[in-house]
Amino acid sequence: MKNMIFIAPPAAGKGTQSKIFSEKYNIPHISTGDLLRQEITCNTPTGKLIKSKIENGEFVDDDIMYELLYNRLKENDCSNGYILDGFPRNVEQAISYEKILESLNKELGYVFLLDIPREIAKERILGRLSCSKCGKVYNETAEYLLPNVSGICDICNSPLTRRKDDTLEVFEDRYNLYLLETKPLIEYYNKKGNLYVIDSSINAMYTKEQIEKIIKGS
Ligand code: AMP
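What counts and what doesn't
- Residues numbered from 1 in each chain as written.
- Predicted model: local features only at pLDDT ≥ 70, side-chain atom pairs only at ≥ 80, totals over all residues.
- Heavy atoms only, no water.
- Axes fitted to C-alpha atoms, helices over the stretch in contact; angles between N-to-C directions.
- Helix = DSSP H or I, 4+ residues; strand = E, 2+ residues; numbered from the N terminus.
- Parallel < 35°, antiparallel > 145°, perpendicular 65-115°, else oblique.
- Left-handed = near helix turned anticlockwise from the far one by under 90°.
- Contact = heavy atoms within 4.5 Å.
- Nonpolar A, V, L, I, M, F, W, Y, C, P; charged D, E, K, R; others polar.
- Pairing = 2+ DSSP bridges.
- Core = buried A, V, L, I, M, F, W, Y, C linked by side-chain atoms within 4.5 Å.
- Buried < 20%, exposed > 50% of the residue type's maximum accessible area, 1.4 Å probe, protein only.

Chemist: Let's hear about the packing of helix α6 (residues 118–127) against helix α7 (residues 168–182): which residues, and what values?
Modeler: Helix-helix packing is characterised by the crossing angle of the two axes and by the distance between the axes. Following both chains from N to C, one finds α6 and α7 inclined at 140 degrees, their axes separated by 10 Å at the closest point. Judged on the interaxial angle alone, α7 and α6 are oblique. For the pair α6 and α7, the sense of crossing is right-handed. Here α6 contributes R118, A121, K122, I125 and L126 to the contact with α7, which in turn contributes L168, F171, E172, R174, Y175, N176 and L179. Its residues placed into classes, the contact of α6 with α7 shows seven nonpolar, one polar and four charged.

Chemist: Can you explain the sheet that holds strand β7 (residues 160–161)? Please cite residues and give values.
Modeler: Strands sit in the order β6-β5-β7 across an open sheet of three strands; the sheet is antiparallel. Each having just a single partner strand, β6 (137–139) and β7 make up the two edges of the open sheet. With two bridges connecting them, strand β5 (residues 128–131) and β7 associate as antiparallel partners. Across the sheet, C131 pairs through a bridge with L160, a residue of β7.

Chemist: Quick rundown of the nonpolar core? Include the residues and the values.
Modeler: In this structure, Y97 and Y189 are the most contacted members of the largest nonpolar core, which totals 30 residues. Contributions of two or more residues to this core are made by β1 (4–7), α2 (32–41), α3 (45–55), α4 (62–73), α5 (91–103), β4 (110–115) and α8 (184–192). A total of five residues in this core trace back to one element, the largest contributor, which is α4. The contacts of Y97, once residues within four sequence positions are left out, are I5, L69, L73, Y82, L84, F87, L108 and Y189. Residues M4, A8, F112 and I215 belong to the second largest nonpolar core, which totals 20 residues.

Chemist: Describe the environment of F59, listing the residues and the values that go with them.
Modeler: When you line up the elements, F59 lands in the loop between α3 and α4. Classification of F59 as partly exposed rests on a relative accessible area of 23%. As for F59 and E119, which are separated by 60 residues in sequence, their C-alpha atoms are 22 Å apart. If sequence neighbours within four positions are ignored, F59 has contacts with K53, R89, N90, L177, E181 and T182.

Below, the structure is given as structure tokens:
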């Protein structure tokens, strides 16, 4: 399977689609946000720095990102393809990512842009809940994304919590950063011929079907 990258504003469904295709093709889902959150739980000085950046809706420094990503992509389970969720987030990261690919003898693969209007992104962010134990994500904005019992995870019965960066204020910062830093990647990958634009504003199933059509047709 070719490698896949998801580029998107906050709450466009990067995590959901990554999980779907990771299971379908049996390839790892590498979320840079998750790698960073794991680092925070170690409570190291780097973890503390990462925590404050994430909670303020800022990007984590590039050198931390490259090291985390390079070490993860070197692992054996990435040899038959992987899904990258949340990286690159700007053109500088895209250029460095190409160096990582070259040194690990890997290909860029598909770049999917999950496109949603700002207002929908905002509603989804404010409705997002995730399991404190297994990480499964729910959303109050759609009936099919609600847990069976309010506030409790369907999978492991643990309480659901809100991410600290899922507030209106942090959303505005994250969205503006997306427009400023991440949106230029669209042109960058378009020129390379690897970009596929997906309408992610309807629901997860519709998004999934569009991605599948592209994979089948290529
Ligand atoms: P996510 O889980 O993808 O929404 O990411 C959560 C937060 O982690 C982002 O708002 C950033 O603060 C940080 N982050 C994730 N990926 C990157 C990246 N590639 N570069 C810099 N910061 C990142």
